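Examination of the molecular architecture
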Protein chains: 2
Amino acid sequence: MITFFYVEPENVGEDNLKIFGEEAMHITTVLRYKKGEVIEVVDGKGGKYKVMIASAEKNLIEGKILSKTLLENEPKVFLTLAQSIGKGMKMDWVIEKGTEIGVSSFIPLVTLRTSVPLGEEREKTRLQRWRRVAISSMKQSLRSVLPDIQKITSLDELLLKVEDFDLVLFGSLDEQAKKMKSLARFKKTLKKLLVIVGPEGGFTEEEKQKLIQAGAIPVNLGKRRLRTETAGIVFCSLVLYEWRDLG
Amino acid sequence: MITFFYVEPENVGEDNLKIFGEEAMHITTVLRYKKGEVIEVVDGKGGKYKVMIASAEKNLIEGKILSKTLLENEPKVFLTLAQSIGKGMKMDWVIEKGTEIGVSSFIPLVTLRTSVPLGEEREKTRLQRWRRVAISSMKQSLRSVLPDIQKITSLDELLLKVEDFDLVLFGSLDEQAKKMKSLARFKKTLKKLLVIVGPEGGFTEEEKQKLIQAGAIPVNLGKRRLRTETAGIVFCSLVLYEWRDLG
């Protein structure tokens, strides 16, 4: 089975690269790669390298770059998921699965009914953990670009960014919302997409009105009520599918 | 927010029903429902009842059935997911999310590369746990039918059942497999569908040949490699979407 490893992009030189710390340890101690063997390494910026191990110590691998390819296995569409932070590990899970299917950027979202008691310290720890989850998932899914994990953002802050996107959709339980199948009718030339998913209790009426005024389109995820993290992944799967970027 | 409760179908009478144990405790002690209040109850067999609480004790609720509806929020298609059992809680997760999106039956699958050391005792515990996950997810997603969780099944046993289905698909990484978008071209009059998802390491060549000989159609889930549980949920989401049973 193919395995990708991760190199911090600042440790990639002209014709060699260095892998430090845990990732090096994993390669040498757990997987027991030796000098002279060839591994595949991604830098999270779109670069994938075939690398011959020149020296392998426990905490440091130095490798000679044999070849480089660009943007391996990346979707053509740039999909951002603004996901209301759920309790416990829900957001970790969304980042893990979202990275696998092809989401390019995550915005951890706070709405009126999102209940996350996050101090500044806690937020920093979370963002670091989410980044580790994304790195692991990027490798697992054979992607070469590390999805961007943005800072925790309120709905009002998000609404200021809406204009940067070609198309903005949000999950809705309202009968008047567009049916999911209407995704098929959006122009596939739209490339910068934003999907917004609210908390378990949904957006408030006021939040919905703000979203609609900002140009976001409500999409009904069906009559079976999905947990917030399920909604995020199912919604993104269907968008990527309709844009021919899944399977 | 609407909440559904669960009643064991054998405890439903002509015009009244009884809820015992944990579920009763949850209703009385946690949610503090009282005599005279009206709750919505599903029996997992397709029945949904509006029930007035006639008496509420800690471990027993007796209710008067005010009205009954059938098959609330159920998909029109009957989708069975045969999912290779992953490590840890992966199967729990597949059952949770699969129930939310509309899977009707789960077959925990063992293939050559599935690594689950399950004794008979362990299997019984797992099946009980999976059933609880399914009940909780049925309520959460406002379904009225409890998905069936079949016994742990080998691929050879599964192949004997393939003829019971109108259409059998399996996830494949092979280039020659059908593209996901070809789901759009299957006749939507086919109603009994089976989706088969292999383990992280994939099916062996021999297993693939057996599947194809049995009439199963390989479908490529795309170039980004999905974890087995992600593949199960994404595959089922797309099938339900194409059959107009999601959103």
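A quick note: this is a predicted structure, and the numbers were derived from the prediction, not measured.

A short note on the relation of the copies chain A and chain B
With an RMSD of 0.0 Å, the operation that places chain A on chain B is a rotation of 180 degrees combined with a shift of 0.0 Å along the axis. Taken together, the turn and the small shift mark the pair as related by a two-fold rotation axis. Mapped onto chain B, 100% of the interface residues of chain A again fall at the interface, so both copies present the same surface.

Some points on the confidence of the model for chain A
Predicted confidence across chain A gives a mean pLDDT of 94, with 99% of residues reaching 70 or more. At the level of chain-chain contacts, confidence expressed as ipTM amounts to 0.93, with global pTM at 0.94.

Here's the deal with the packing of helix α2 (residues 90-101) of chain A against helix α6 (residues 228-242) of chain A
The relative placement of two packed helices comes down to the angle between their axes together with the axis-to-axis distance. Residues and elements named next belong to chain A. At a minimum axis distance of 9 Å, the contact between α2 and α6 shows a crossing angle of 15 degrees. By the angle class used here, α2 and α6 are roughly parallel. For α2 against α6, the interelement crossing comes out right-handed. Two secondary-structure elements touch here, α2 through K90, W93, V94, K97, G98 and I101 and α6 through T228, E229, G232, I233, C236, S237 and L240. Considered class by class, the residues forming the contact of α2 with α6 number six nonpolar, four polar and three charged.

Here's the deal with the sheet that holds strand β3 (residues 38-42) of chain B
Residue and element names in this part refer to chain B. One open sheet accounts for five strands, arranged β1-β3-β4-β5-β2; its pairing is mixed. Unpaired on one side and paired on the other, β1 (4-6) and β2 (16-20) mark the two borders of the sheet. Adjacent strand axes in the sheet meet at a mean angle of 45 degrees when their direction is disregarded. Bridging between β2 and strand β5 (residues 60-70) involves five bridges; their strand directions are antiparallel. Bridging from a neighbouring strand, L17 pairs with G63 of β5. Here helix α1 (residues 21-30) sits on the sheet and contacts β1, β2, β3, β4 (47-56) and β5; the angle it forms with β2, its principal contact strand, is near 95 degrees. Running at roughly 150 degrees to β1, helix α3 (residues 120-140) makes contact with β1 and β3 of the sheet.

Section: the interface of chain A and chain B
In this assembly, 30 residues from chain A lie in contact with 30 residues from chain B. Sorting the residues of the side of chain A that touches chain B by element identifies α2 and α6 of chain A as the ones contributing at least two each. With five residues, α6 of chain A is the largest single contributor of residues to the side of chain A that touches chain B.

With respect to the environment of L160 of chain A
All names here are of chain A. As for its placement among the helices and strands, L160 is situated in helix α4 (residues 155-161). A tally of 11 C-beta atoms within 10 Å means that L160 is categorised as exposed. Linking L160 and M138, residues 22 residues apart in sequence, is a C-alpha distance of 29 Å.

Here's the deal with the pairing of strand β12 (residues 192-197) of chain A
Here is the key point about a regular strand: its side chains alternate between the two faces of the sheet. Residue and element names in this part refer to chain A. With five of six residues buried, β12 is to be regarded as a mostly interior element. Relative to β12, strand β6 (residues 78-84) is paired through six bridges, and the arrangement is parallel. Bridging from a neighbouring strand, A82 pairs with I196 of β12. Note: strand β10 (residues 167-172) against β12, four bridges, orientation parallel.

Some points on the sheet that holds strand β3 (residues 38-42) of chain A
All names here are of chain A. On the basis of which strands lie adjacent, the open sheet formed by five strands has the order β1-β3-β4-β5-β2 and mixed pairing. Two strands close off the open sheet at either side, each with one partner strand: β1 (4-6) and β2 (16-20). In this sheet, neighbouring strand axes are inclined to one another by 45 degrees on average, regardless of whether the strands run parallel or antiparallel. Two strands pair when backbone bridges link them, and β3 and strand β4 (residues 47-56) are joined in this way by five bridges, in the antiparallel orientation. Bridging from a neighbouring strand, E40 pairs with K50 of β4. Contacting β1, β2, β3, β4 and β5 (60-70), helix α1 (residues 21-30) runs over the sheet at an angle of about 95 degrees to β2.

Here is what the cut-offs are and how they apply
- Each chain has its residues counted from 1, following the order in which its sequence is written.
- Here every chain gets a letter starting at A, and every ligand a number starting at 1, in the order they are written.
- Per-residue local features are limited, in this predicted model, to residues with pLDDT of at least 70; the limit for side-chain atom pairs, both in listing and counting, is 80 or more; totals at the level of whole chains, interfaces and linings are taken over all residues.
- Only residues with pLDDT of at least 70 in both copies count here: their C-alpha atoms drive the least-squares fit that superposes the copies.
- A pair of residues counts as a contact when their C-beta atoms, built from backbone coordinates, are separated by no more than 7 Å.
- Per-residue confidence from the predictor is reported as pLDDT, a score between 0 and 100.
- Helix axes are fitted to C-alpha atoms over the stretch in contact, other axes to C-alpha atoms as well, and angles between N-to-C directions run from 0 to 180 degrees.
- Numbered from the N terminus, helices here are DSSP runs of H or I no shorter than four residues, and strands are runs of E no shorter than two.
- When an angle is under 35 degrees it counts as roughly parallel; over 145 it counts as roughly antiparallel; between 65 and 115 it counts as roughly perpendicular; any other value is oblique.
- By convention the crossing between two helices is left-handed if the near helix lies anticlockwise of the far one by an angle smaller than a right angle, and right-handed if it lies clockwise.
- For this scheme, ten residues count as nonpolar: Ala, Val, Leu, Ile, Met, Phe, Trp, Tyr, Cys and Pro. Four count as charged, namely Asp, Glu, Lys and Arg, and the remainder, Gly too, count as polar.
- Here, any two strands with at least 2 DSSP bridges between them count as paired.
- Counting other C-beta atoms within 10 Å of a residue's C-beta gives its exposure: the residue is buried at 20 or more, exposed at 12 or fewer, and partly exposed in between, where C-beta atoms are placed from the backbone.

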